[in-house]
Amino acid sequence: FYWLIKHFDDETLDYIRGRFDQESGLAMIRTFQSLQEKALLLREAGAAPESEQGIELARAFWHMVMEFTNGDMSMLPQLMKIGSFVGVNSEWRQRQAQANSFIEPALGAYFEREGIQPFAEEGS
């Protein structure tokens, strides 16, 4: 997964090395890929991001993010930056953009339903 890892900055790489071993790191990547594929399938099937299926996907995606960050919301901007994958194979980037076009509004609907404000300042 060098193609993925090379997009992380040094601070994020240090975090990953300290948080995950090879097995748990691969499991995280597989979870990400599985959720991406589910998003593409739901999108292709015409499911609405705010549908129950979309909300469940968003719940699983957010759980993965929280597991990856260990609840550290300060990591979200870096993860979002990495999510753009500039310089990555254009076919893969296109699939990621298609998955994101479902995941992002599904997360918005999930956050609204659950009252989650991931970008709110601490103590707000």
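Please refer to the structure placed before this passage.
Definitions and cut-offs
Within each chain, residue numbers correspond to sequence positions counted from 1 in written order. Reporting of local features is limited, given that this is a predicted model, to residues whose pLDDT is at least 70; pairs of side-chain atoms are given and counted only at 80 or more, and all residues count toward the totals for whole chains, interfaces and linings. Side-chain measures were taken over the full set of non-hydrogen atoms in the model, leaving aside hydrogen atoms and water. In this description a helix means any DSSP run of H or I spanning at least four residues, a strand means any run of E spanning at least two, and both kinds are numbered starting from the N terminus. Remark: exposure states derive from per-residue accessible area (1.4 Å probe, protein chains only) relative to the maximum for the residue type, with buried under 20%, exposed over 50%, and partly exposed in between. Surface exposure here means Shrake-Rupley accessible area, sampled with a 1.4 Å probe, where a residue is shielded only by the protein chains that are shown. One fewer than the residue count of a helix, multiplied by 1.5 Å, yields its expected span. A 3.5 Å cut-off defines polar contacts: any pair of N or O atoms within that distance qualifies, except that in protein one atom must be a possible hydrogen donor and the other a possible acceptor, and neighbouring residues in sequence count only when both atoms are side-chain atoms. Fitted lines through C-alpha atoms serve as axes, helices being fitted only where they are in contact, and the angles separating the N-to-C directions of these axes extend from 0 to 180 degrees. Note that the term roughly parallel is reserved for angles under 35 degrees, roughly antiparallel for angles over 145, roughly perpendicular for angles of 65 to 115, and oblique for everything else. Any two residues having at least one pair of non-hydrogen atoms within 4.5 Å are treated as being in contact.

With respect to the overall build of the chain
- Along its length, the chain carries six helices and zero strands.
- Written out in order from the N terminus, the α and β elements of the chain read α-α-α-α-α-α.
- Looking at the chain residue by residue over its 124 residues, the buried ones come to 35%.
- As displayed, the chain offers around 7900 Å² of accessible surface, 52% of which is attributable to carbon and sulfur atoms.

Overview of helix α3 (residues 22-44)
- The terminal C-alpha atoms of α3, which comprises 23 residues, lie 33 Å apart, in line with the 33 Å expected from a rise of 1.5 Å per residue.
- Among the residues of α3, G25, M28, I29, L35, Q36, A39, L40 and L42 are the ones counted as buried.
- Two or three places before E23, at the opening of α3, D21 has a side-chain oxygen 3.1 Å from that residue's backbone nitrogen.
- Count one or two residues on from α3 and you reach G46, which has phi positive near 85 degrees.

Observations concerning helix α6 (residues 90-114)
- Compared with an ideal rise of 1.5 Å per residue, which puts 25 residues at 36 Å, α6 spans 35 Å between its outermost C-alpha atoms and is within 8% of the ideal.
- In the stretch just after α6, G115 is the one whose phi turns positive, near 70 degrees.

Some points on the packing of helix α2 (residues 10-19) against helix α4 (residues 52-69)
- Between α2 and α4, whose axes approach to 10 Å, the crossing angle comes to 90 degrees. Classed by the angle they form, the pair α2 and α4 counts as roughly perpendicular. Residues Y15, I16 and R19 of α2 touch α4, and the partners they reach there are E67, F68 and T69.

Let's talk about the environment of R95
- Inspection of the secondary structure assignment puts R95 in helix α6.
- Owing to a relative accessible area of 30%, R95 belongs among the partly exposed residues under this scheme.
- Measuring from C-alpha to C-alpha, the distance between R95 and L40 comes to 7.9 Å, with 55 residues separating the pair along the chain.
- In this structure R95 touches Q36, E37 and L40, once residues within four positions along its chain are discounted.

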